[in-house]
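Structural overview
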Amino acid sequence: MPLISSAPAPGRRHAKLIPLKVETAFLSLSRPFVILLVTAGVRPNTITTAGTALVLASAWAFATGQIRLGGLLLLLSGGVDTLDGAVARATHQVTRFGAFYDSMLDRVGDGATFMGIAVYLLTTADPVAFRNLAIGLCMVAIIASLTVSYARARADGLGLECTVGIAQRAERIVGLGGATLLVGGGPQGLALEGVVAALALASVITVAQRLAFVYRIAEGGRGHSGSLEVKGCGSSQ
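So, a few notes on the structure that sits alongside this text. Note that this is a predicted model, so its numbers are computed, not measured.

Our next topic: the overall build of the protein. Of regular secondary structure, the protein possesses 8 helices and 0 strands. Ordered by position in the sequence, the α and β elements of the protein form the string α-α-α-α-α-α-α-α. Looking at the protein as a whole, 46% of its 237 residues qualify as buried. A fraction of 79% describes how many contacts in the protein between residues 6 or more apart in sequence connect residues 24 or more apart. Just so you have it, the protein exposes about 12000 Å², and 69% of that area is on carbon and sulfur atoms.

Phi angles above zero are rare outside glycine, and Phe-130 is one such case at about 55 degrees. Mapped onto the elements, Phe-130 comes out in the loop between helix H5 (96-123) and helix H6 (131-157). Positioned with a positive phi, Gln-188 is a non-glycine residue whose angle comes to about 55 degrees. Within the fold, Gln-188 resides in the loop between helix H7 (169-183) and helix H8 (190-225).

Moving on, we get to the side chain of Arg-172. Structurally, Arg-172 can be placed in helix H7. The buried category is assigned to Arg-172, whose relative accessible area is 4%. Polar contacts involving the side chain of Arg-172 include one to the side chain of Asp-110, which spans 3.2 Å. Ignoring anything within four residues of it in the chain, the contact list for Arg-172 reads Asp-110, Ser-145, Val-148, Ser-149, Ala-167, Gly-177, Leu-199 and Ser-203.

Now for the packing of aromatic side chains. Using the criterion set out here, one finds 1 aromatic pair in the structure. Ring centres of Phe-97 and Tyr-101 lie 5.7 Å apart, and the angle between their planes is 20 degrees; on these two criteria the pair is classed as stacked. One end of the pair is Phe-97 and the other is Tyr-101, both in helix H5 and 4 residues apart, which spans about a single turn.

For the structure on display, the rule yields 2 cavities of 30 Å³ or more. Quantified by volume, the largest cavity comes out at close to 100 Å³. Here the residues of the lining of the largest cavity sort into 5 nonpolar, 2 polar and 3 charged. Around the second largest cavity, the lining residues are Thr-48, Gly-51, Thr-52, Val-55, Ser-77, Asp-81, Leu-105, Asp-106 and Arg-169.

Inspection of every chain in the model, using the stated rule, returns 6 salt bridges. Here Asp-110 makes a salt bridge to Arg-172, at a shortest N to O gap of 3.2 Å. Taken together, the positions of Asp-110 in helix H5 and Arg-172 in helix H7 put the pair 62 residues apart, joining distant regions of the chain. You'll find Asp-110 and Arg-172 in the same group, each marked buried. Each of Asp-81, Asp-106, Arg-107, Asp-110, Arg-169 and Arg-172 takes part in a single network of salt bridges with overlapping partners.

Cut-off values and rules
Residues numbered from 1 in each chain as written. Predicted model: local features only at pLDDT ≥ 70, side-chain atom pairs only at ≥ 80, totals over all residues. Heavy atoms only, no water. Helix = DSSP H or I, 4+ residues; strand = E, 2+ residues; numbered from the N terminus. Buried < 20%, exposed > 50% of the residue type's maximum accessible area, 1.4 Å probe, protein only. Contact = heavy atoms within 4.5 Å. Areas by Shrake-Rupley, 256 points an atom, 1.4 Å probe, with all protein chains shown as cover. Polar contact = N/O pair within 3.5 Å; in protein donor to acceptor, adjacent residues only side chain to side chain. Phe/Tyr/Trp six-rings, centres within 6.5 Å; stacked < 30°, edge-to-face > 60°. 1 Å grid on protein atoms, 1.4 Å probe; cavity = no way out; pocket = protein on both sides within 12 Å on 5 of 7 lines; lining within 4 Å. Points joined across faces, edges and corners; volume = space filled by probe spheres on them. Nonpolar A, V, L, I, M, F, W, Y, C, P; charged D, E, K, R; others polar. Salt bridge = Lys/Arg side-chain N within 4 Å of Asp/Glu carboxyl O.

Okay, here's the thing in structure tokens:
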């Protein structure tokens, strides 16, 4: 699935850090790139792979202390990540393997980004405030971001659409990429640590929101149907 879906899901709207108007505007701006890729015959999985390569390059930049470059590459990867699903739909190449491949590589990117930051904080000779705490927050951010995505995938497998939460993948990429591109690491790494802390907290809140959402639906529906139909593995964000 793309970083930002092509259309808002029907039904109840839930609060997100990136407003729907911003998502819609971004998707409109990306259409010429979709047309270009379709015309050039680029396959969706190739786009997915390229996006992951940018994420890994971003993680390397963070790890080596090139914080602004890391932020730029992360934002570029997010832009690329919006294109694979759109190209797949435009060329009728939507496949279950493509969805699985995209979701799997997204998880690699989620972990690599915060791991790169943790490596920088652990190895840099520059003075870093709250070094050990910041490294711990990177670990929390990794676990929480992966759990956010797993919660959606597992809920999809139970036949529930679980897209609630203030911090999905788009928010994590825009928040971390935008902040680090603009201000870098900040004095003693405080700006970078602040962004990581905020995203870790937002991801933990999102996990709690999804847990509460699935509990309400699953336990509320149990009284009517007695059980939930279990379906195949879904996509995640």
